[in-house]
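Residues per chain are reported as follows:
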Amino acid sequence: MEPGTKVWTYQSTGDDPWILSEVLTRTPDLLTLKFLSGDDTGSTTTRPLVSSTSLNEDGTKMEMGDKKYEGVELANPPLSESEIKEGSDADMISLPHLHEPAILHAVSERYFRGEIYTWTGPVLIAVNPFQRLPLYTREILESYRQEGLLRSQNLLDAQKALGPHVYSVADRSYRQMMSEQRKSQSILISGESGAGKTETTKIVMLYLTTLGSNESDGESGEGGSGKLSIMERVLQSNPILEAFGNAKTLRNDNSSRFGKFIELGFNRAGILQGAKVQTYLLEKVRLGFHASGERNYHIFYQLLRGATEEQHHKYCFHDGITGGLELANFFHYTGQGGAPQLREFTDEEGLKYTLKSMSSMGWSDDKIDNVLSIIAGILHLGQVKFESKLSEGGQEIAQLADEKTVADAAKLLGVDLQKLITALTVRIMVTRGEEIRIDLAPDKAADARDSLAKTIYGAMFLWVVKEVNNSIKWENDKDIRSSAGVLDIFGFESFAINSFEQLCINFTNEALQQQFNKFIFKLEQEEYERESINWAFIEFPDNQDCLDTIQARPKGILPMLDDECKLGQRGSDKNWAQRLNEIYLPERNQTISENTRFSATAIQKAKGIFCVRHFAGNVQYTAETGFLEKNRDEIPLTAKSLFEEDSSDLIKEVYEVQMEQSEEETGKGPAKQKTVSQQFKQQLQSLIEMIETTDPHYIRCLKPNDAAKPKLLTRKRLTEQLRYGGVLEAVRVARMGYPVRLDHAGFFKRYRMLLPSVPEEKLAWSMEDEDPQKLCVKFLDILLEEGAKPLVYENADGTITRANKIRMAQRQPEPMVFAKTDVQLGKTKVFMRKGPHDLLESHRVFHQSASSTLIQSWMKGMQQRRRYLIMADAALDIQRWYRGCMGRARWWRLREAQAGQLLTNNFRMQVVRIKYNRSRAGTISLQAQYRGRATRRLIALTKIQAYRRMYIRKNAFRKLRSASVAIQCCVRRGIAKKEFNELKRSQKDMGKLKEHNEKLKMEMASLKAMLQAQAASDAGKAENKKAIEEKEEEIKKLEIRVSQLERELANEKEFVQKLEKELAAQKENNHRIVQDLQYQKELLAKSPQVSEQARKHSRAQSAGIPAVTEPLAEAVVVGHTITPEALAMHRAEVARLEAQLEEERKMRHAASREIRSLRSALEGKGEYDATASTKFISDTMSEVTESEMDRSDVANLNDIEPEMRCVTTCCFG
Ligand SMILES: Nc1ncnc2c1ncn2[C@@H]1O[C@H](COP(=O)(O)OP(=O)(O)OP(=O)(O)O)[C@@H](O)[C@H]1O
Ligand SMILES: [Mg+2]
């Protein structure tokens, strides 16, 4: 155990007894360890070196030469993934170190991987999964069956075990049974309560019956003839046995309260012929009492909960009497524990299943009914209560409290009522052939009642087993060639208080363990012989002394108990315990017997307690727990007579079965009743004998936790069970001689490294082309030779290699010196004792740790270099990245600054622009307003001036026009007047003219007539025609002239009228102009709006105008601007007007003359003359001007002239 070695360290406290640890330091006396798991991980502990003798006491420690470190075991290297997949840990025997912690670790690791089965050599370890796993399907069964068949026919490697499974154990037993020897087989299933024995038994039976089923057997199932096949009947026996023999306990809902051995008989062809069931030690105490949370046997609850109304009536289960309680809780025998329900199935379903199984076993309905009646009768019997009354002798005796209940019980049990009452209240003793009746006290009567119930139920159970056997048994023993038995037996038990049952159970287990040890020894022996190893010096542990302590006559515990029972009333539990102490511990202060199996301290002795050291550990038995009574299990005389006489057939039958089993054939005289221990010993003996004649197979069931929960494992409980189950004992036995076994290849590969300096030529490194055994022999010789030499690390040149330097620095191992016989080379394996093995292992660890240190140094160097390079690279990367980040950050800051600047500038610009724009807009608007105002003022001024001027001009024009019109009107009026007068006159002349014209027309007409007459009378035509034409021409001219004169006359008239109108209008206009001028004069005089500035301006402007009238001056100030062209136009107009005036005058004169010529022409020739007419008009006009023109008009005209002149002067200077 070099420092750094992984070991398991035992801890007596805590939930985990074995903690994985690492050796820190080692001295010859002390080992310092560091815990690597558990609650104390990291903390250290020490273990002293102790002698191995004391270690053997509790069976937990293994020998290591003479001495070993206390509670420390070498740990196996952990399995790799591939090893796990390959199932390297499927058989723990292949583990290099096989001991308690190694098994515990391997089993728990596999359990959590869902692998509940593990081989430990020939023993199958089965951990209860507490959940239905898909491990028992038809396909899996078939695969095991196929593989087993191929192996049996040597088509597969028969040496290689099937995968660990119940099926493989069953298959192996079947194949061995069918082998040439046709040897019977037995499968021994053990384990503590709730570990899964019964379930495993069922699985084994299923496999065996399936393999042994006759496929051509037509009587299968309901579909066939109705009769079940033997396979089905064998399987159907289980529910019946479980209903009567199983009960709910705190540890298991379906706990078998009896041991069971089922023997399956097969014929030559391996076909199942039938089965036999042997039961052991039914727990009858349960009938009278069971603890809280527990139950009585299932059949009671099934009947109470599953019975029909009719059955209720028949079995007197009156609901009315229960006082509201459920029936199961009401009855004394079923209600003590609260009658809880089962987890996996209900009692109603249970009854159906039980009844179905009974029917399928061929039981008649009457038989089933009678069985159920007895069950109901027992329930009613339990209800019988006793009152106390005083006998004649003054003694307190029992009296029935209620006869109805007893009557019901008697009726249902099929016994005589009076006899039943007697059996309950009276005890009959026979002394010297005389019967003595003793009335029982109430408490004794209650005991009698319970013991009667126990007797009836015990007998009933035996009867049921017998009936089951009758249903499934094989017809003819000759048909049976071999058998396979399955033993489902209680495992080793050790409670706080252990009684008779525990002693029997542990005795059984002790006996079975001995058988197991013998078997293992035999196997070992076989292996040694196979491997040609000398095994003569190998010793095996034997527990015969323990068995003797329990059973050997006369001093064995059980024989002494029988002897005590024989004493009758004088015998007692206490006496028995005392006698045991006297025999085994004769010395006053002695606590351990000579054989070390029996022990008791002084206190224990005083309490009647003694201890027996079984193979699985010490168990304390408390004597005063009814050992004697339980062992006697007598049927009272009263009960005997009850069953033998006047009872029903069934109860008689039941009683007979009981008597058959309990009575001892003495050969002479009447049969003696056997004690329970005697019966049991006998049964056990026959069982062991039977097993010894068979090939045994072992299944050890383990219960991973007490809570019956899946995926939960309590290591402490598992360790206890490994010990109790004898698994470790088996290992210990197996490993006592040469505990370490390695095949040649494994041995060579493992230890060749111990000789690194031995060259290849001397000893090969590889096994290729070499005989493994020879190579191993050679290796061992060299090893012993080299091992004796001291270790040399220096090379020939004085240098030391690095590896050797490391080796030098390490703690040096012991020299490899051991006896050659300690390592035996078999044909295929190398067998080693523990000492040499540990020595080789320590050298291996030494070399391995040196090599691993060297490799680690290289690896660490490489790792460091790699790390350095990675880090350097990473540092560069980080720097690059950091600089990049920094640069980007700087660039970003600059950009931000620039952007900030830009933004500031923009902002400022915007502010300034806004300011500027605002002031500009303000200025512009101010200017515009100012200019607008000025302009508007100017325009307004101009407009005013223009209006004023226009007004003045307009006025002047109007005045002028009206004046001229007035003048014209005056003139025209005068002319018109004259013309009118003239026309008036000429109208009168016109009459004359018309007259004259008429005359002319008449004259012309007369002339025409004269001419026509003249033409007709004249002979000369030319002169006459010419004179006529001239005359006609003249006439035409005269006519045109006449019409022209007429038109002119009309025009002249029209013109005269027009002139008259214009004259009137002229007059009116003149008048209005005069009014306007006056009004404006007034307006100008009054106007306040004319500003002082305008007045000044006006005055300044008017200052240069010498003679102007006031209204006109004002008009100029406010009037319009007068252009030179307008002035010229006016001047021209004035000139034209003057010329026109002149021309008018001239025309007036010409017209006067014309008038006068016309007058003269008219007077002279009588024709109209235009020139004369014009002259006439001119004359008229001049007359008007001179004589008739209105004086006011002329005055107006005179007024206008100076004004016109003034305007012209003002405007144009
Ligand atoms: N292989 C299994 N698969 C699933 N569940 C199982 C298996 N084995 C046992 N169990 C469960 O464990 C319970 C107890 O098993 P079982 O009755 O076989 O224990 P036992 O060892 O016979 O106990 P006892 O000694 O009290 O009779 C079963 O009721 C079942 O629920
Ligand atoms: Mg069971």
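As a reminder, the structure under discussion sits directly above these lines.
Since we're looking at a predicted model, the values are computed, not measured.

Cut-offs used in this document
- Residues numbered from 1 in each chain as written.
- Chains lettered and ligands numbered in written order.
- Predicted model: local features only at pLDDT ≥ 70, side-chain atom pairs only at ≥ 80, totals over all residues.
- Heavy atoms only, no water.
- Near = heavy atom within 4 Å.
- Polar contact = N/O pair within 3.5 Å; in protein donor to acceptor, adjacent residues only side chain to side chain.
- Areas by Shrake-Rupley, 256 points an atom, 1.4 Å probe, with all protein chains shown as cover.
- Helix = DSSP H or I, 4+ residues; strand = E, 2+ residues; numbered from the N terminus.
- Patch = residues over 30% accessible without salt bridge, like charges linked within 9 Å, V, L, I, M, F, W, Y side chains within 5 Å.
- Salt bridge = Lys/Arg side-chain N within 4 Å of Asp/Glu carboxyl O.
- Buried < 20%, exposed > 50% of the residue type's maximum accessible area, 1.4 Å probe, protein only.
- Contact = heavy atoms within 4.5 Å.
- Donors = N, O, S within 2.8 Å, 3.2 Å for Na, K, Ca; no water.
- Phe/Tyr/Trp six-rings, centres within 6.5 Å; stacked < 30°, edge-to-face > 60°.
- Lys NZ or Arg CZ within 6 Å of the ring centre and 35° of its normal.

K.L.:
How would you sum up the site of ligand 1? Please name residues and give values.
P.N.:
S193, K197, T198, S255 and E344 are the nearest of the 19 residues found near ligand 1. At a separation of 3.3 Å, an oxygen atom of ligand 1 approaches a polar backbone atom of A195. One of the side-chain N or O atoms of K197 is found 2.6 Å from an oxygen atom in ligand 1. Isolated, ligand 1 exposes 620 Å² of accessible area, and the fraction of that covered by the protein chains is 94%. Breaking the shell around ligand 1 down by element, the ones donating at least two residues are α6 (197-212) and β11 (255-256). Residue contributions to the shell around ligand 1 peak at three residues, all from α6.

K.L.:
Account for a nonpolar patch on the surface, with residues named and values stated.
P.N.:
A contiguous nonpolar patch, built from I878, W881, Y882 and M886 and spanning about 470 Å² of accessible area, is present on the exposed surface. With respect to the helices and strands, I878 occurs in helix α32 (residues 834-1017).

K.L.:
Lay out the environment of F516 with the relevant residues and their values.
P.N.:
Mapped onto the elements of the fold, F516 is located in helix α18 (residues 500-530). Residue F516 is classed as buried on the basis of its relative accessible area, which comes to 0%. Through-space distance from the C-alpha of F516 to that of G726 is 8.6 Å; in sequence the pair is 210 residues apart. Sequence-distant contacts of F516, defined by excluding residues within four places in its chain, comprise V123, Y698, R700, G726 and A730.

K.L.:
Help me get a handle on the coordination of the magnesium ion (ligand 2), residues and values and all.
P.N.:
For the magnesium ion (ligand 2), the protein coordination sphere consists of T198 (OG1) and S256 (OG), at 1.9 to 2.1 Å. On the criterion of sequence distance, the pair formed by T198 in helix α6 and S256 in strand β11 is long-range, its members being 58 residues apart. On the accessibility criterion, T198 (11% relative accessible area) is buried. The class of S256 is buried, set by a relative accessible area of 17%.

K.L.:
Let's hear about the packing of aromatic side chains: which residues, and what values?
P.N.:
Tallied over the entire structure, the rule returns 27 aromatic pairs. Each ring, one from W576 and one from F610, has its centre 5.6 Å from the other, and the planes form 85 degrees; the classification is edge-to-face. Highlighted residues: W576 in helix α21 (residues 573-584) and F610 in strand β20 (residues 609-614), separated in sequence by 34 residues. Residue F610 is classed as buried on the basis of its relative accessible area of 1%. Aromatic rings pair up to connect F500, W576, Y584, F598, F610, Y621 and F627 into one cluster. Positioned over the ring face of Y301 is R295, at 4.1 Å from the centre of the ring. Between the NZ or CZ atom of R752 and the centre of the ring of W765, over which it lies, the distance is 3.6 Å.

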